[in-house]
Amino acid sequence: MLCNQTKRKVMNFEQALEANAIKIVDLTVEEQIGIIDTTLACVVTWLEGHSLAQTVFTNLYLHNPFEIEDRCLKAFSICILKTVDLIRDRINRASVFEEEDFQPMSYGFKMAADVTDTRATGMVKEVEEELNRVIKNTRSKQGEQRDEATQQEHELSLAVYSRLKMCRLLFSTLVSLSREKCQGVQDAEKTINQLGELIVVLKRTVKYGIQPKDAQDNEYPRIMGFEPLVNQRLLPPTFPRYTKIKSREETVCYLESLVEDMKTICSVVEINSFHVAMEFFLEFSKRSPSVLVRSLLELLYLPQNRRVFGTQLMTDVLRDTVRNFIAPPVLQAKSPIINNPQAKEYVDIFLTHAVRPMSTIIQITGHNRARQKDKWGHLLEELANLQDEADKVDAFLHSLLVKSDPTRQHLACFGTWVLYHTLRVMIRYALAGFELELYATHEYHYVFWYLYECLYNWLISTLSRADSFVMEQDTIADQKKSGRNHKKNKKKARQRQNSREISLMQAQQNLCAGYYKAIVGFTLDGKMKRPDLEFDSEEVRYNHRFAPFGSVMTPPPVHYTQFKDMSDLSHYSPQPTAINMYVGACKHFQQARVLFETLSQPADQEIQNLIKVAKTNFVVMKLLSGGHKKDSTESPEWEFSTHNTFPVIKL
């Protein structure tokens, strides 16, 4: 049996040119639009994880663009090759892609490296100017009526002009974002705004280009200049993925979202706090942006020299972060040990060791959502080692401080900061299982229990401790200084900043508590199906789900026997009923709603979604506590369409 055989002859660029199968001069405007649109579709398909050989380089014109005599097509071909090469470079440098995200192999194709960036954009601009003259001459004038041919010429010229300008601006944006020390971000923002305007024209004119003659060519469009099988010999015998080229409409939508995401990442340069930057990366990751935008964001914040924005040492950024988070005495201006050489050495070594795990947090958010969960688990080992070092540094600094000032302490300062990040990573790891649909419904009870009873409790306690310590340090500073009013205002601002995060964590904790109690109620009512004990071991599943937590000493891992003992209802007298559990869940969902509403902002869509989840679940629990469907044994549904982590319960 012969595979990948076709009756038609597969021709490369030279053969197709000799056989007059392709034109290199006097192309019609419709042909230009069709070739440009199909090439863009191939680029987008490549960015979704397919190989260059099966996507971009099925365009024969890109194999030898210098042979093309049509100025428009030649300028476009060189510009697109330069763009593809720059995209490869950016994604490779950021190194936040997996094999399913991106294939960097170029198969030896030439990327117009001998043409400078300035010359490439200049060639496109020259063609744009020619087209712009045609557009002006065919534009409708006041008091004159255009004939149909002139109107058609105007629309087609505008379509080609918009596509060429869009390709040039996309390339210019990537060049600007590639400059060192974020120097090109302002230029990039200008070109991105122009790109957004051009996308509207692309949407309107997407139907003008030549279309494949055969309806079967929709998956692999075969118009003039495109040969899907031309690079077949470059591929391994069993190539793993079936390639379907994006449609032109899908391509325009992809480019639109790409432009929006690029506009978003430019704002990262305005962030001057590591914790705020971390939240920005986490929130941006939830949008599941393309591998290109994820890579650009990583390189903007932490380029290859590992300095923040290419200018600030990561140790200095972390020093400011710790100072703002918990205000350790050793980092305070008037501290008796700030000039102690040993103390300074210990702090510098600790911060140097903290650079790798903290940088890894930023890097993990750049990976696709499916891969992040395992990476959070591996990071916990590094954070556990850093936690141990932080405790030793705190103990040493405390011993130095009490010699100089017996009224002050330095216990659990750096340790609290590391613990905060450890707990955040543990919570992300546990919640990622819901987003990725890894948990069976009969596993929900111990996941929600672990979050509610252990992780969120520890995190809220850690944040409160940091808050109290900062206020304590401010009070000491107040006693040594006049100008109390200034200090009080500063203290209030800090307190508000931490209290928002505490309220958010308390709200999420209440959601988890509500789910746990609801599940216990469902179990008591016989509404939750459990696997047959003969073929299942809950302990094995529990240990598997929380295995990465075993490497962390603080908080101590909760073993299965402890979980069973702590969640055993027989400890209570009288033993709670299903109605009691529904009432308890109802209160938790109500409390979560109240807390979310205090944090609510019209622009924060996620908080609005969580309010909707809490309200809906409150109503469901209220109905169940009143005896609704008491005799039914039908299992509840868990719907994740409103929020991908916290589900809506449906009966």
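For the structure itself, consult the block above.
A short tour of the structure in this document, coming up. What you see is a predicted model; the values in this text were computed from it and never measured.

1. What about the overall build of the protein chain?
Phase 1: Of the regular secondary structure elements, the protein chain holds 19 helices and four strands.
Phase 2: Relative to its full complement of 651 residues, the protein chain shows a buried share of 53%.
Phase 3: Summarising the internal contacts of the protein chain: among those between residues at least 6 apart in sequence, 79% fall at separations of at least 24.
Phase 4: Element-wise, carbon and sulfur atoms account for 49% of the exposed surface of the protein chain, whose accessible area totals about 31100 Å².
Phase 5: Of the charged side chains in the protein chain, 81 are positive and 80 negative, and the gap between their average positions amounts to 5 Å.

2. Observations concerning the nonpolar core
Phase 1: Membership of the largest hydrophobic core comes to 208 residues, with the highest contact counts inside it found for Tyr 61, Tyr 301, Phe 414, Leu 451 and Met 621.
Phase 2: By residue number, the principal contributor to this core is helix H14 (residues 444-480), which donates 16 residues.

3. Re the side chain of Thr 462
Phase 1: Along the chain, the position of Thr 462 falls in helix H14.
Phase 2: Ignoring any residue separated from it by four or fewer positions in sequence, one finds Thr 462 in contact with Thr 416, Leu 419, Tyr 420 and Leu 423.

4. Some remarks on the pattern of salt bridges
Phase 1: Evaluation of the coordinates by the stated rule reveals 37 salt bridges.
Phase 2: Residues Lys 286 and Glu 606 are paired through a salt bridge, measuring 3.0 Å at the closest nitrogen-oxygen approach. Taken as a pair, Lys 286 in the loop between helix H8 (274-285) and helix H9 (291-301) and Glu 606 in helix H19 (residues 605-625) lie far apart in primary sequence, 320 residues in all.
Phase 3: For Lys 286, a relative accessible area of 37% translates into the label partly exposed.
Phase 4: For Glu 606, a relative accessible area of 22% puts it in the partly exposed group.
Phase 5: Three or more residues are tied together by salt bridges with common partners; here these are Arg 71, Arg 119, Glu 126 and Glu 130.

5. A word on the packing of aromatic side chains
Phase 1: Evaluation of the coordinates by the stated rule reveals 40 aromatic pairs.
Phase 2: Here the aromatic rings of Tyr 450 and Phe 549 are separated by 5.5 Å at their centres, their planes lie at 55°, and the arrangement is tilted. Of the two residues, Tyr 450 sits in helix H14 while Phe 549 sits in the loop between helix H16 (538-545) and helix H17 (560-566), which places them 99 residues apart along the sequence.
Phase 3: Judged by its relative accessible area of 1%, Tyr 450 is buried.
Phase 4: Residue class for Phe 549 comes out buried when judged on its relative accessible area of 0%.
Phase 5: An aromatic cluster is built from Phe 434, Tyr 439, Tyr 444, Phe 448, Tyr 515, Phe 522, Tyr 582, Phe 589, Trp 638, Phe 640 and Phe 646, whose rings are joined through pairwise contacts.
Phase 6: We note Lys 373 situated over the ring of Tyr 429; from NZ or CZ to the ring centre the distance is 3.8 Å.
Phase 7: Sitting over the face of the ring of Trp 376, Arg 428 holds its NZ or CZ atom 4.8 Å from the ring centroid.

6. Digging into the packing of helix H3 (residues 71-94) against helix H4 (residues 117-137)
Phase 1: Contact pair H3 / H4: the axes reach a minimum separation of 9 Å and the direction vectors enclose 145°. At the point where H3 passes H4, the crossing takes the left-handed sense. Contacts between H3 and H4 pair Arg 71, Cys 72, Lys 74, Ala 75, Ile 78, Cys 79 and Lys 82 from the former with Asp 117, Ala 120, Met 123, Val 124, Glu 126, Val 127 and Glu 130 from the latter.
Phase 2: Each residue belonging to the contact of H3 with H4 can be placed in one class, and the counts come to eight nonpolar, no polar and six charged.

7. Focus on the environment of Asp 261
Phase 1: Relative to the assigned elements, Asp 261 resides in helix H7 (residues 248-265).
Phase 2: Taking relative accessible area as the criterion, Asp 261 reaches 10% and is therefore assigned buried.
Phase 3: Sequence-wise, Asp 261 and Met 505 are 244 residues apart; in three dimensions their C-alpha atoms are separated by 28 Å.
Phase 4: In this structure Asp 261 touches Phe 284, Arg 287, Pro 289 and Val 293, once residues within four positions along its chain are discounted.

8. Description of helix H5 (residues 148-177)
Phase 1: The terminal C-alpha atoms of H5, which comprises 30 residues, lie 43 Å apart, in line with the 44 Å expected from a rise of 1.5 Å per residue.
Phase 2: Across the 30 residues that make up H5, a large majority, 23, are buried.

9. Here we look at the state of the cysteines
In a disulfide, the sulfur atoms of two cysteines are held together by a covalent bond.
Phase 1: One pass over the full model with this rule turns up zero disulfides.
Phase 2: Free cysteine Cys 79: the closest other cysteine sulfur is in Cys 167, separated by 5.8 Å.
Phase 3: No disulfide involves Cys 586; its nearest neighbouring cysteine sulfur is the one of Cys 512, lying 17 Å away.
Phase 4: Given the relative accessible area of 6%, Cys 586 is considered buried.

10. With respect to a negative patch on the surface
Phase 1: There is a patch of like negative charges on the surface, built from Glu 14, Asp 26, Glu 67 and Glu 69.
Phase 2: Summarising the element assignment, Glu 67 is placed in the loop between helix H2 (29-47) and H3.
Phase 3: Taking the relative accessible area as the measure of exposure, Glu 67 reaches 42% and is therefore partly exposed.

11. Focus: unusual backbone geometry
Residues other than glycine predominantly adopt negative phi, and peptide bonds predominantly adopt the trans conformation.
Phase 1: Omega for the bond connecting Thr 554 with Pro 555 falls within 30 degrees of zero, at 0°, which places this linkage in the cis form.
Phase 2: Within the secondary structure layout, Pro 555 lies in the loop between H16 and H17.

12. With respect to the packing of helix H12 (residues 369-404) against helix H13 (residues 414-435)
Phase 1: Across the interface, H12 lies against H13 with an axial gap of 8 Å and an inter-helix angle of 165°. Considering the angle they form, H12 stands roughly antiparallel to H13. Like other packed secondary-structure pairs, H12 and H13 cross with a definite hand, here left-handed.
Phase 2: Tallied by class, the residues present in the contact of H12 with H13 amount to 15 nonpolar, six polar and six charged.

13. Regarding the environment of Glu 197
Phase 1: Inspection of the secondary structure puts Glu 197 in helix H6 (residues 185-205).
Phase 2: C-alpha separation for the pair Glu 197 and Met 166, spaced 31 residues apart in sequence, amounts to 9.4 Å.

Cut-offs applied
Every chain's residues receive numbers from 1 upward, in the order its sequence appears when written. Totals for whole chains, interfaces and linings use every residue, but because this is a predicted model, local features are given only for residues with pLDDT of at least 70 and side-chain atom pairs only at 80 or more, for both listing and counting. With hydrogens and water excluded, all non-hydrogen atoms of the structure serve as input to the side-chain values. Put simply, DSSP marks the helices as runs of H or I at least four residues long and the strands as runs of E at least two long, and each gets a number from the N terminus on. Each residue's exposure class comes from its accessible area (1.4 Å probe, protein chains only) as a fraction of the maximum for that residue type: buried when under 20%, exposed when over 50%, partly exposed otherwise. Contacts are assigned to residue pairs that have any heavy atoms within 4.5 Å of one another. Computed with a 1.4 Å probe, the accessible areas rest on the Shrake-Rupley method; for each residue, only the protein chains presented here act as cover. For the charge count, each Lys or Arg is scored as positive and each Asp or Glu as negative, with His and the chain ends excluded. Working definition for charges: the position is that of NZ of Lys, CZ of Arg, CG of Asp or CD of Glu. Joining through side-chain atoms within 4.5 Å is the link that ties buried Ala, Val, Leu, Ile, Met, Phe, Trp, Tyr and Cys residues into a set, and such a set is a nonpolar core. Salt bridges are defined as contacts in which a side-chain nitrogen from Lys or Arg sits within 4 Å of a carboxyl oxygen from Asp or Glu. Side-chain rings of Phe, Tyr and Trp, where Trp is taken by its six-membered ring, are said to pair if the distance between their centres is within 6.5 Å; with planes under 30 degrees apart they count as stacked, over 60 as edge-to-face, and otherwise as tilted. Criterion for a charge above a ring: Lys NZ or Arg CZ within 6 Å of the ring centre, and within 35 degrees of the ring normal. Axis geometry follows a simple rule: fit a line to the C-alpha atoms, using only the stretch in contact for helices, then measure angles between N-to-C directions, giving values from 0 to 180 degrees. The crossing is said to be left-handed when, going from far helix to near helix, the turn is anticlockwise and less than a right angle, and right-handed when the turn is clockwise. Residues are sorted three ways: Asp, Glu, Lys and Arg are charged, Ala, Val, Leu, Ile, Met, Phe, Trp, Tyr, Cys and Pro are nonpolar, and all the rest, Gly among them, are polar. The length a helix should cover is 1.5 Å for every residue beyond the first. What counts as a disulfide here is a pair of cysteine sulfur atoms lying within 2.5 Å. Think of a patch as exposed residues, more than 30% relative accessible area, with no salt bridge, where like charges cluster within 9 Å and nonpolar side chains (Val, Leu, Ile, Met, Phe, Trp, Tyr) cluster within 5 Å. These descriptions rest on fixed angle ranges, namely under 35 degrees for roughly parallel, over 145 for roughly antiparallel, 65 to 115 for roughly perpendicular, and the rest for oblique.

Geometric descriptors of this kind do not, in isolation, establish any biological role.
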